[in-house]
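Each chain is listed here by its residues.
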Amino acid sequence: MRALRSLRTGLSLAALATCVAALFTAPAAHAADPPLRDLAAAKGKVMGTAVTGSKLTGAYGDIAGREFSALTPGNAMKWGSVEPTRGSFDWAEADQIVAFAEAHGQQVRGHTLVWHSQNPGWLTNGSWTPAELGRLMTDHIALEVGRYKGRLAAWDVVNEPLNEDGTYRQTLWYNGLGADYIAQALTAARAADPSAKLYINDYNVEGVNAKSTALYNLVKSLKERGVPIDGVGLQAHLILGQVPSTLQQNIQRFADLGVDVAITELDIRMQLPSDSAKLTQQAADYKAVMNACLAVTRCAGVTVWGFTDSDSWIPSTFPGQGAATPYDENYAPKPAYRAIAESLGGGTTTPPPTGACTAAYSVANQWNTGFTGQVRIACSGAALSSWKVSWTFGAGQQLSQSWNASCTQSGVTVTCSNASYNGTVPDGGAVTFGFNGSWSGSNPVPVVTLG
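So, a few notes on the structure that sits alongside this text. (Residues numbered from 1 in each chain as written. Predicted model: local features only at pLDDT ≥ 70, side-chain atom pairs only at ≥ 80, totals over all residues. Heavy atoms only, no water.)

## Here's the deal with the overall build of the protein
Next up, step 1: Across its full length, the protein carries 15 helices and 18 strands.
Next up, step 2: Whereas a compact globule of 451 residues would reach a radius of gyration of roughly 22 Å, the protein reaches 24 Å, a difference of no more than 12%.
Next up, step 3: Taking the principal axes of its C-alpha atoms as reference, the protein extends roughly 80 × 45 × 40 Å.
Next up, step 4: Among the 451 residues that make up the protein, the fraction classed as buried is 54%.
Next up, step 5: Taking contacts inside the protein between residues at least 6 apart in sequence as the whole, the part at least 24 apart equals 77%.
Next up, step 6: Both charge centroids of the protein, one from 31 positive and one from 34 negative side chains, sit 2 Å from each other. (Helix = DSSP H or I, 4+ residues; strand = E, 2+ residues; numbered from the N terminus. Rg over C-alpha atoms; globule rule 2.2 N^0.38 Å. Buried < 20%, exposed > 50% of the residue type's maximum accessible area, 1.4 Å probe, protein only. Contact = heavy atoms within 4.5 Å. Lys, Arg positive; Asp, Glu negative; His and termini not counted. Charge placed at Lys NZ, Arg CZ, Asp CG, Glu CD.)

In structure tokens, the structure reads:
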């Protein structure tokens, strides 16, 4: 698996409007349940997500703040981001994420201090003696961890130190400082913030295998030497249908060493396009990961690597694969979301029936006497070759224009049918149309009939 994980950034105004509208299209079961963070807290666990700082507004920010109890900066705290030029620092996005988390009562997981990837060119291209390299590493840790002292719950201090066979990865750090760079880094992090939990984080270590056993032996050795280490991060970038059967056993053996364990970067990718069968399997996989963590007292919690498919690293790194997160690209919760909620003791309300197509109305924007709305038609286990929806404006609202559909209003009844190009809604797919209208006094959301 490739190590690089870059969350895509940037939304057009039109896309943002779509995302804001889609926030309100969640199934009734989703809307009725407590947010994931509350369900997790009741189980003594943390439910986190990686985020992109520039997106923490609108629907993206609303979901990130409402559903999750911890945030991990996807890229903002990596060395190449914070010190692209030696001695010149950019803390803007990292500070933004920390401030957002504090405003929403969330923890922050610092990610990551010592890694072989996403380092600044001046560092990787330099010629350093071991003494110089060691000093650069410890000074960087002291500076970054010290900046957020007392404000972050945990740090991924060392990221991905091992090869698949359990040997040490040949990196700038290992080649320049030897295996003891790990102990040096952890010791420097403890000195910079004695209150933060310190982790080693790696991938393909979720089940019992050569790599996870090497990580186990490394942690055991560090503990025996008195090196400060508080936890192990299992990234859990998984493939559909391939959750390791030994996941819970593996979490437990690390916990038995006297360290916490966290699922730090969970996503479950599939070959595109997605369909109801794949989404059902993905939901079962998410539930299996959640259940494994819940079964071990010292599993601190689970962080998803981006909560929406529009912010996932998978498509750009694994062409033809994606749909790896609990929300789709329009911010609608997928079966995986409900599976997470159910594993945490929620999800008891009845979800929409399988094998059905549904229509959901939402208000994307509202001002003075005008508003923009949208309707999203989605299918799961079924498909449409054409569609028509209708609703009743019960408070005197008037439709003024529409797009991506042909809409008419007769009295209080609005009827919209597909355009020539978007009548087909495949299994697992969705279409959306929008409209503008006027309102006075109130603008309640009507019930939409699809038929």
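## Regarding helix 11 (residues 210–225)
Next up, step 1: Across its 16 residues, helix 11 extends 23 Å between first and last C-alpha, which sits within 8% of the 22 Å expected from 1.5 Å per residue.
Next up, step 2: Where helix 11 is concerned, the buried positions are Lys211, Ser212, Ala214, Leu215, Leu218, Val219 and Leu222. Buried residues in helix 11, looked at end-on, bunch into an arc of 155°, giving them a common side.
Next up, step 3: Those residues of helix 11 that are buried are in contact with helix 10 (181–192), strand 5 (197–202), strand 6 (231–234) and helix 12 (247–255).
Next up, step 4: Between the side-chain oxygen of the N-cap and the backbone nitrogen of lysine 211 there are 3.1 Å, and the N-cap of helix 11 in question is asparagine 209.
Next up, step 5: With its phi angle positive at about 80°, glycine 226 sits one or two positions after the end of helix 11. (Expected span 1.5 Å × (residues − 1). Arc of directions from axis to C-beta. Polar contact = N/O pair within 3.5 Å; in protein donor to acceptor, adjacent residues only side chain to side chain.)

## Quick word on the sheet that holds strand 18 (residues 449–450)
Next up, step 1: Strands sit in the order 15-16-13-18 across an open sheet of four strands; the sheet is antiparallel. If you trace the sheet from one side to the other, it starts and ends with strand 15 (405–410) and strand 18, each paired once.
Next up, step 2: Here two bridges tie strand 13 (residues 388–392) to strand 18, and the two strands are oriented antiparallel to one another. Considered in strand 18, the bridge of valine 389 is made with leucine 450. (Pairing = 2+ DSSP bridges.)

## Let's talk about the packing of helix 13 (residues 276–294) against helix 15 (residues 335–343)
Next up, step 1: Between helix 13 and helix 15, the least distance of the axes is 8 Å, while the angle of their chain directions is 25°. The angle between helix 13 and helix 15 falls in the class roughly parallel. As helix 13 packs across helix 15, the resulting crossing turns out to be right-handed. Facing Leu279, Gln282, Ala283, Tyr286, Lys287, Met290, Asn291 and Leu294 of helix 13, the residues of helix 15 in contact are Pro335, Ala336, Ala339, Ile340, Glu342 and Ser343.
Next up, step 2: A breakdown of the residues in the contact of helix 13 with helix 15 according to their chemical character gives nine nonpolar, three polar and two charged. (Axes fitted to C-alpha atoms, helices over the stretch in contact; angles between N-to-C directions. Parallel < 35°, antiparallel > 145°, perpendicular 65-115°, else oblique. Left-handed = near helix turned anticlockwise from the far one by under 90°. Nonpolar A, V, L, I, M, F, W, Y, C, P; charged D, E, K, R; others polar.)

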